[in-house]
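# Tertiary structure, described
Listed below, chain by chain, are the residues.
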Amino acid sequence: MTAIATAFGLVFDPYVLAVIMGSAIFGMFVGAMPGLTATMATALLVPVTFFMSPVPALGAIVTATAMAIFAGDIPAAMLRMPGTPASAAYADESYEMTKKGQLDLCMGVNLVFSVLGGIFGVLILIVLAPVLAEVAINFSSFEYFWLACLGLTCAVFIGTGDPLKGLLSLFIGLAIGCIGIDPAAGQPRFTFGNVDLLSGINFIPTLIGMFAVSELLRGAVTMEKAGMIVQQTVGNMFAGLGAVARKYWMNFIRGSVIGTVIGALPGAGADIAAWVSYAVSKKLSKEPEKFGTGHIEGIVDSTSANNSALGGAWIPALVFGIPGDSITAIVIGVLYMKGMNPGPTVFLQTPELIYAVFIIFILANLLMFPLGWAAIKSAKQILRVPRNILLPIILIFCMVGSFAMTNSLYGVVLMVVMGLFGWLLEEHGIPVAPLILGLVLGEMLEQNFMSSMIKANGSFIGFLDRPIAGTLGVLTMLLWGGMLWKALPFGRRQPAAA
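Reading the values: the criteria
Along each chain, the written sequence defines residue order, and numbers are assigned to residues from 1. Totals for whole chains, interfaces and linings use all residues, but because this is a predicted model, local features are given only for residues with pLDDT of at least 70 and pairs of side-chain atoms are given and counted only at 80 or more. Side-chain metrics rest on all non-hydrogen atoms present in the structure, leaving aside hydrogens and water. Strands here are runs of E lasting at least two residues and helices are runs of H or I lasting at least four, both read from the DSSP assignment and numbered beginning at the N terminus. Type-normalised accessible area, obtained with a 1.4 Å probe on protein chains alone, sets the label of each residue: buried when under 20%, exposed when over 50%, and partly exposed for intermediate values. Contacts were defined at the residue level, with two residues in contact if any of their heavy atoms lie within 4.5 Å. Surface accessibility follows the Shrake-Rupley procedure with a 1.4 Å probe radius. Residue values consider only the protein chains on display as shielding. A score from 0 to 100, pLDDT tells how confident the predictor is in each residue. A 1.4 Å probe that fits but cannot get out identifies a cavity on a 1 Å grid over protein atoms alone, an open set with protein on both sides within 12 Å along at least five of seven lines counts as a pocket, and a residue lines either if it has an atom within 4 Å of a point. Grid points are joined across faces, edges and corners, and a volume is the space filled by probe spheres set on the points. As used in this structure description, the phrase polar contact means that two N or O atoms lie within 3.5 Å; if the pair is within protein, one of them must be able to donate a hydrogen and the other to accept it, and residues adjacent in sequence are counted only when both atoms belong to side chains. For the purposes of this section, nonpolar cores are sets of buried Ala, Val, Leu, Ile, Met, Phe, Trp, Tyr and Cys residues that join through side-chain atoms within 4.5 Å. In this analysis, rings of Phe, Tyr and Trp, with Trp reduced to its six-membered ring, are considered paired at centre separations within 6.5 Å, and the interplanar angle assigns stacked below 30 degrees, edge-to-face beyond 60, and tilted for intermediate values.

Each helix and strand counted, the protein chain has 21 helices and 2 strands in total. The buried share of the protein chain, taken over its 498 residues, is 56%. Across the protein chain, the fraction of contacts at a sequence separation of at least 24, relative to all contacts at a separation of at least 6, is 79%. As displayed, the protein chain has an accessible area near 21200 Å², and 70% of this comes from carbon and sulfur atoms.

Here we come to the confidence of the model for the protein chain. In low-pLDDT regions, the fine details of the predicted coordinates are not to be read closely. This prediction gives the protein chain a mean pLDDT of 79; 87% of its residues lie at or above 70. The spread of mean pLDDT over the elements of the protein chain runs between helix α17 (residues 379–383), the lowest at 64, and helix α2 (residues 14–32), the highest at 89. Segment residues 226–231: pLDDT under 50, and 18 contacts once partners within four positions in sequence are set aside and those in other chains are kept.

Here we take up empty space enclosed by the protein. Applying the stated criterion across every chain, the model contains 3 cavities of 30 Å³ or more. Estimated volume of the largest cavity: approximately 60 Å³. If you trace the largest cavity, you find it lined by Ile61, Val62, Thr65, Ala66, Leu310, Trp314, Asp325, Ile327, Thr328 and Phe361. Of all the secondary structure elements, the ones that give two or more residues to the lining of the largest cavity are α4 (54–71), α13 (296–320) and α14 (326–337).

For Thr303, the location among the structural elements is in helix α13. Taking relative accessible area as the criterion, Thr303 reaches 0% and is therefore assigned buried. One polar contact links Thr303 to Asn110, side chain to side chain, over a distance of 3.5 Å. A polar contact is formed between the side chain of Thr303 and the side chain of Ser114, at a distance of 2.9 Å. Look past the residues within four positions of Thr303 in its chain and what remains in contact with it is Asp73, Tyr90, Val109, Asn110, Phe113 and Ser114.

Bringing the nonpolar core into the picture now. Within the largest apolar cluster, 146 residues are counted, with the highest numbers of intra-cluster contacts made by Val109, Trp314, Cys398 and Ile436. Here this core takes 14 residues from helix α7 (residues 103–136), the largest share from any one element. For Val109, the residues in contact, after removing those within four places along its chain, are Ser114, Leu241, Val244, Ile296, Ile299, Val300 and Thr303.

This brings us to the environment of Leu10. Along the chain, Leu10 turns up in helix α1 (residues 2–11). On the basis of relative accessible area, Leu10 is assigned to the partly exposed category, the value being 32%. Between the alpha carbons of Leu10 and Glu352 there is a distance of 8.4 Å; along the sequence they are 342 residues apart. Ignoring any residue separated from it by four or fewer positions in sequence, one finds Leu10 in contact with Val16, Val55 and Glu352.

Moving on: helix α6 (residues 91–99). Within the span of α6, buried status applies to Ala91, Glu93, Ser94, Tyr95, Met97 and Thr98. A positive backbone phi angle near 85° is found at Gly101, which sits one or two residues after α6.

Right, let's talk about the packing of aromatic side chains for a bit. By the definition in use, this model includes 13 aromatic pairs. Each ring, one from Phe8 and one from Phe12, has its centre 5.9 Å from the other, and the planes form 10°; the classification is stacked. Plain terms: the ring middles of Trp146 and Phe463 are 6.5 Å apart, the flat faces sit at 85° to each other, and that makes the pair edge-to-face. In this pair, Trp146 is assigned in helix α8 (residues 141–157) and Phe463 in the loop between α20 (433–455) and α21 (467–487), connecting sequence segments 317 residues apart.

Next comes the structure, spelled out in structure tokens:
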């Protein structure tokens, strides 16, 4: 109880509340601008959080992310341009409702079920995280090695559409993570005599480049393709919500469960959760023919899923130090920057920090209701901000933030190089998220592998000796074997003969 009381005191400090409010407005604005993703909002906040203590820093990221995921629904309905990838699954559905004169109902459903879905995900996080942490406290290097392998496998095969491209991205991330000092031998690797590279590739400029700068480049390329805003006026958004809730309450529960589960899978994230939930909704619907014509059912499922996925993604991040998505990958980087190691020991060493995160999550979702209503009402003005003015301003913030991380032009150069590289990868259909997860988990994978080999005297049998390690190892190898079988010619399904 003392830790909980301390957490309330930390969160309800006037400075922390001001940071949460400012981050909420920032996240709402970024999410409402087509092309400026929730991950980009998080990456832009990292340089600011460098000067904060852990609670306001995490509060800023949690709040901005939650707001951005919801705000992406606004341009999806009004412009047919999802503000974030998490809103893409039902952008056409929302826009069709708008064309039928149902913008009010669409926005009301998005707002209310986003709030409820977000709270559902947080409640699951509050219940599961401490329980899993009690199990994880007994983990050794063997279990963490297999967890890292499992996380990287899920990131490739579950979080990407093309496993081969996901695998390529992952290997690039692992290779970049090898730059610097070898943790086992203490020898420089791939530094080419550059002193700046001795400490490895700086994580924060890399994130800003991969997510923010690459999005800016994409926005600059597609600047002429911006759509026209609809001319409807938003009226009473809550009229008819009672009937929707009574008819589709099971859809809300199903979408929230799917979102939380998928969010907890490393590399999946809110956008995958929304697509899966929308597909399941259509598959199980009594009126599948209405999907794509402006049917509210799919929106209830998907908007609940993408918001509940945020809480789910924090479960592996807090308990095991394995990011559930690219946003929690950034969070783990922030925790390391604050001198804290995410994992089960955090629940023992700083429980007040964990409770503070829980409180901030609930507060952010409750705050989404009034701020979301205000954002919807003023959406036309927000969406009229010229992108040719907005993008250069964001680029300046990126440069300042990257410079602040390294106190040299090295950070800015790294940001630009990684931004161009990330843009080129995505232009060729290669996802960036596995690369970032490879960069984050590469060190954990290598260190635990070397420690385990020393403990086992070089025997690979030691990796399967312990019950939990053996279970995780078998599960990981089954995933590898299944994917390999499907890739082989005789493992593919042959079309039935006519």
